[in-house]
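What follows is each chain in one-letter form.
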Amino acid sequence: MTTTEPVMTAVPAKPVPPARGRRRSARRRRSTPLTIVMLTVLAYFLLPLFWLLVASTKNTQDLFNSFGLWFSDAPRLPANIKQTLTHDDGVFLHWLLNTVLYSVGSALGAALLASAAGYGFAKFRFRGNGAAFNLVLGAIMIPTTALAIPTYLLFAEVGLVNTPWAIVLPSLVSPFGLYLMRIYAADAVPDSILEAARIDGAGELRIFVRIALRMLAPGLVTVILFTLVATWNNYFLPLIMLNDPQLFPVTVGLASWADQAQNGGAGASSDMLPLVVTGSLISVIPLVVAFLMLQRYWQSGLSAGGVKQ
């Protein structure tokens, strides 16, 4: 007589779907206080731009009598833009063109000099390398306004005051750009590629232009963007260097209009105030476009040197 024992079979546990696990981990990473802080910071940066957009749709009376963070009953943005661009024979367009020339010339020149100097500090060993680089780091701590008066006196001696060179030449020196390019070149340009190019007979200038400069492109764009924004927003240096209104950048030109609004029209009754506000809005648009176009290079350039592989 035989007995049959029941066969026990193990039932496999149901695996947790990967998607559900990812959703749970994503929910765990959420932080309500952090979200509130980020929204507060976002509002802090966007609120002035929103106010500028709203104020550009108003006339002088609405600027003082209506709610500052909302549009008036009769928006007049197209009329304000037309009046800004045509006032005083279109001098605002001339100021805008001057600003573009100063900023683009300074940005390209500063990026090229910073990339060459940073590449030299990173890839060449020479006497005084460390001391010179420490001097560059010290120069980062010096505010540009502290150098404006000595720069004016120096340029006055050589006859460059009240010329475009008085704005472009000081902007070519970027200690932070040099520091950034030195850190970026140390990781982005492998020494093995440079040695292979030297074995093939390439000169140092050719190696830098044909090989290293292409590898430094993200950092190069980062320096271009920083210098572009700094020169575009520069006010104090053009104010002391230029006295010809035809050479003014947008910052100094709008400041002169603001002075006319305060001194020539009893403040609130002056028709210059909408022009100042609308001109400020127009002057911000090129910077926003440049940042949106170059932000991916800017982000990759900032992260360079942070992680070593």
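This one's a predicted model, so the numbers in the text were calculated from it and none came from an experiment.

Colleague: Sorry, what's going on with the overall build of the chain here?
Modeller: Check the secondary structure of the chain and you find 15 helices and zero strands. For the chain, the residues scored as buried account for 32% of the 309 residues in total. A separation threshold of at least 6 residues defines the contact pool for the chain, and within that pool the share at least 24 residues apart is 73%.

Colleague: What's the story with a nonpolar patch on the surface in this structure? I'm lost.
Modeller: On the surface, L34, V37, M38, L39, V41, L42, Y44, F45, L46 and L49 cluster together to form a nonpolar patch covering roughly 1,000 Å² of accessible area. As for its placement among the helices and strands, L49 is situated in helix α2 (residues 32-55). Of the residues examined, L49 reaches a relative accessible area of 40% and is grouped as partly exposed.

Colleague: Sorry, what's going on with the layout of surface pockets here?
Modeller: Which parts of space are left empty comes out when a probe the size of a water molecule is rolled across the atoms. If you add up the space inside the largest pocket, you get close to 720 Å³. What lines the largest pocket is a set of 24 residues, among which T144, P170, S171, V173 and P175 lie closest to the centre. Going through the elements one at a time, α6 (129-140), α7 (148-158), α8 (165-171), α9 (175-188), α12 (217-232) and α13 (236-241) are the ones with two or more residues in the lining of the largest pocket. Broken down by element, the residue count for the lining of the largest pocket peaks at five residues, all from α12. Of the residues contributing to the lining of the largest pocket, the split by class is 15 nonpolar, nine polar and no charged. Its boundaries defined by the atoms lining it, the second largest pocket holds a volume of some 310 Å³. For the second largest pocket, the lining is made up of 10 residues, of which L49, V284, L287, V288 and F291 are closest to its centre.

Colleague: How do you make sense of the nonpolar core when you look at a structure like this?
Modeller: Inside soluble globular proteins, nonpolar side chains tend to come together where they are buried. If you look at the biggest cluster of nonpolar residues, it comprises 26 residues, and the most contacted ones within it are F92, W95, Y102, M241, L242, V250 and W257. Looking at this core, the elements with two or more residues in it are α5 (91-123), α8, α13, α14 (250-264) and α15 (273-303). Excluding anything up to four places from it in sequence, F92 contacts T84, L85, V250, L254, W257, G279 and I282. Membership of the second largest hydrophobic core comes to 21 residues, among which are A111, A114, I207 and I224.

Colleague: Just to check I follow, could you spell out the environment of F121 for this structure?
Modeller: Secondary-structure assignment places F121 in helix α5. Separated by 57 residues in sequence, F121 and L178 place their C-alpha atoms 9.2 Å apart.

Colleague: How should the packing of aromatic side chains be read in this particular structure?
Modeller: Aromatic rings considered in pairs are described by the distance between their centres and by the relative angle of their planes. Tallied over the full model, the rule gives 11 aromatic pairs. An angle of 80° between the planes, with centres 6.3 Å apart, marks the rings of F50 and F71 as edge-to-face. Taken together, the residues F50 in helix α2 and F71 in the loop between α3 (60-65) and α4 (77-86) connect sequence positions 21 residues apart. A ring pair is formed by Y119 and F124, whose centres lie 5.8 Å apart and whose planes are at 80°; its orientation type is edge-to-face. Each member of the aromatic cluster is reached from another via a ring pair, and the members are F121, F126, F133 and Y179. A cation over a ring is seen here: R182 above F133, with NZ or CZ 4.8 Å from the ring centre.

Colleague: Got a minute to help me understand the pattern of salt bridges in this structure?
Modeller: A side chain of one charge can pair with a side chain of the opposite charge if their charged atoms are brought near each other. Under the definition given, this model contains three salt bridges. Between D191 and K123 there is a salt bridge, with its nearest N and O atoms 3.0 Å apart. Of the two residues, D191 sits in helix α10 (residues 191-199) while K123 sits in helix α5, which places them 68 residues apart along the sequence. A salt bridge links R198 to E204; its shortest N-O distance comes to 2.7 Å. Taking relative accessible area as the criterion, R198 reaches 26% and is therefore assigned partly exposed. Owing to a relative accessible area of 34%, E204 belongs among the partly exposed residues under this scheme. Within this structure, E195, R198 and E204 form a network of salt bridges that share partners.

What counts and what doesn't
- Residues numbered from 1 in each chain as written.
- Predicted model: local features only at pLDDT ≥ 70, side-chain atom pairs only at ≥ 80, totals over all residues.
- Heavy atoms only, no water.
- Helix = DSSP H or I, 4+ residues; strand = E, 2+ residues; numbered from the N terminus.
- Buried < 20%, exposed > 50% of the residue type's maximum accessible area, 1.4 Å probe, protein only.
- Contact = heavy atoms within 4.5 Å.
- Patch = residues over 30% accessible without salt bridge, like charges linked within 9 Å, V, L, I, M, F, W, Y side chains within 5 Å.
- Areas by Shrake-Rupley, 256 points an atom, 1.4 Å probe, with all protein chains shown as cover.
- Salt bridge = Lys/Arg side-chain N within 4 Å of Asp/Glu carboxyl O.
- 1 Å grid on protein atoms, 1.4 Å probe; cavity = no way out; pocket = protein on both sides within 12 Å on 5 of 7 lines; lining within 4 Å.
- Points joined across faces, edges and corners; volume = space filled by probe spheres on them.
- Nonpolar A, V, L, I, M, F, W, Y, C, P; charged D, E, K, R; others polar.
- Core = buried A, V, L, I, M, F, W, Y, C linked by side-chain atoms within 4.5 Å.
- Phe/Tyr/Trp six-rings, centres within 6.5 Å; stacked < 30°, edge-to-face > 60°.
- Lys NZ or Arg CZ within 6 Å of the ring centre and 35° of its normal.

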